[in-house]
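Residue-level structure breakdown
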Amino acid sequence: LTAFPEERPVFLREYSTNHYAVFSYFCSKLVMELATSATQVTISLLLVYFLVGLEANFGILWAGCYLMSLSAQALGVLVGSSVSDASMAI
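Residues numbered from 1 in each chain as written. Predicted model: local features only at pLDDT ≥ 70, side-chain atom pairs only at ≥ 80, totals over all residues. Heavy atoms only, no water.

Quick look at helix α2 (residues 22-52)
The criterion, for reference: Numbered from the N terminus, helices here are DSSP runs of H or I no shorter than four residues, and strands are runs of E no shorter than two. One fewer than the residue count of a helix, multiplied by 1.5 Å, yields its expected span. Burial classification: accessible surface area is computed with a 1.4 Å probe over protein chains only, and a residue below 20% of its type maximum counts as buried, one above 50% as exposed, and the rest as partly exposed.
Helix length check: α2, at 31 residues, gives a terminal C-alpha distance of 44 Å against a target of 45 Å (1.5 Å per residue), a fit within 8%. All of the buried residues in α2 are Y25, K29, S37, A38, V41, L45 and Y49. Following α2 by one or two positions, G53 adopts a phi angle in the positive range, close to 80°.

So this is what it looks like as structure tokens:
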């Protein structure tokens, strides 16, 4: 929730000096979020899947949890980018 309000001054400064475009910034941020989320979901599901002894298809379970994780991150980005102060996002 607090990532965008904290990064906003840096982004605005670098955008105003033409270091990079808005599209390239958000594409790079999206790629990193996708990779980080996939790693976190995979590690947690590997632990849960084998320790609990689930018999479901691991791929379907992973896809469902990954999509829920992306949805939660998107909601957090929406809330975080809609406010200008980090304390308001929380």
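Regarding the environment of F11
Worth spelling out the cut-off: Note on contacts: a residue pair qualifies if any of its non-hydrogen atoms lie within 4.5 Å across the two residues.
Tracing the sequence through the fold places F11 in helix α1 (residues 3-16). Exposure remark for F11: the relative accessible area of 13% places this residue in the buried category. Once the C-alpha coordinates of F11 and V22 are considered, the two residues, 11 residues apart in sequence, prove to be 8.9 Å apart. Excluding its chain neighbours within four sequence positions, the residues that come into contact with F11 are Y20, V22 and Y25.

Side note on the packing of aromatic side chains
For clarity, the cut-off: Only rings of Phe, Tyr and Trp enter the pairing, Trp through its six-membered ring, and a pair is recorded when the two centres are within 6.5 Å. The plane angle decides the type: under 30 degrees is stacked, over 60 is edge-to-face, the rest tilted.
Taken as a whole, this structure holds four aromatic pairs when the rule is applied. Judged by centre distance (5.0 Å) and plane angle (75°), the rings of Y25 and F26 are edge-to-face. Using a relative accessible area of 36% as the deciding quantity, one classes F26 as partly exposed. Summarising the aromatic geometry, the rings of Y49 and F58 are spaced 5.1 Å apart at their centres and angled 75° between planes, so their arrangement reads as edge-to-face. By relative accessible area, which is 24% here, F58 ends up partly exposed. An aromatic cluster is present here, built from Y49, F50 and F58 joined pairwise through their rings.

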